[in-house]
Amino acid sequence: MSALSRTRMTATLSTDHRTRLMELAREVDFPAGTRLFNEGGRADRFWIVRSGIVALDVHVPGRQATVVDRLGRDELVGWSWLFPPHQWHLGAGAETLLRTHEFDAAAVRLLMDADPAFSADVNHWVGQVLARRLTSARVRLLDRFAPYGSGKTL
């Protein structure tokens, strides 16, 4: 199983927990060029991509934002909603027409509070996503700002 497949909801959440989560979803589309969120903003929702591409970026003082990852079908967009103070750590924008499932973060956290097994499953999934995103961001930033070849994975 690849690192990418381990971060997809379908490969991580049990069927029951996936069904319960999807009951809270609503379909939302974004035109290409739309900002989903900016670093430091309130993280009150998250998305799973149905189709299209999302670019995750990090603010670099004195420079243009640097894209650190691109996300596509079935990938989670946003993890900051799960951890206080619920502020985005990165920015995100739709590179193409983006079709998503959108989730209200407070509603998902309430479901997690009510069901420890569901909470553990979601936390494991988001933890897998977070680990992959940190690795991706590290590699991209080293590729951009460090000497050639520094961006290799460990």
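Below or above, wherever it landed, is the structure these notes cover. Please read all numbers here as calculations on a predicted model, not as lab measurements.

Conventions and cut-offs
Residues numbered from 1 in each chain as written. Predicted model: local features only at pLDDT ≥ 70, side-chain atom pairs only at ≥ 80, totals over all residues. Heavy atoms only, no water. Buried < 20%, exposed > 50% of the residue type's maximum accessible area, 1.4 Å probe, protein only. Helix = DSSP H or I, 4+ residues; strand = E, 2+ residues; numbered from the N terminus. Pairing = 2+ DSSP bridges. Phe/Tyr/Trp six-rings, centres within 6.5 Å; stacked < 30°, edge-to-face > 60°. Lys NZ or Arg CZ within 6 Å of the ring centre and 35° of its normal.

## Some remarks on the pairing of strand β4 (residues 54-58)
Here is the key point about a regular strand: its side chains alternate between the two faces of the sheet. β4 sits mainly inside the fold: five of its five residues count as buried. Alternating positions in β4 separate into two faces, Val54, Leu56 and Val58 on one and Ala55 and Asp57 on the other, with burial throughout. Looking at chain direction, β4 and strand β5 (residues 66-71) are connected through five bridges and run antiparallel. Following the sheet pairing, Ala55 is matched in β5 by Arg70. Here β4 pairs with strand β7 (residues 91-94) via four bridges, running antiparallel. Opposite Asp57, over in β7, you have Gly91 as the bridge partner.

## Quick word on the packing of aromatic side chains
The final tally for this structure, using the stated rule, is seven aromatic pairs. Their ring planes at 10 degrees and their centres at 4.8 Å tell us that Phe46 and Phe103 sit as a pair that is stacked. Taken together, the residues Phe46 in strand β3 (residues 45-51) and Phe103 in strand β8 (residues 98-104) connect sequence positions 57 residues apart. As far as the burial class goes, Phe46 and Phe103 line up, both buried. Between Trp47 and Trp88 the ring centres are 6.2 Å apart and the planes differ by 25 degrees, which places this aromatic pair in the stacked class. Of this pair, Trp47 sits in strand β3 while Trp88 sits in the loop between β6 (76-77) and β7; the two residues are 41 residues apart in sequence, bridging distant segments of the chain. With respect to burial, Trp47 and Trp88 carry one shared label: buried. Above the face of the Phe118 ring, Arg20 is positioned so that its terminal group lies 5.3 Å from the ring centre.

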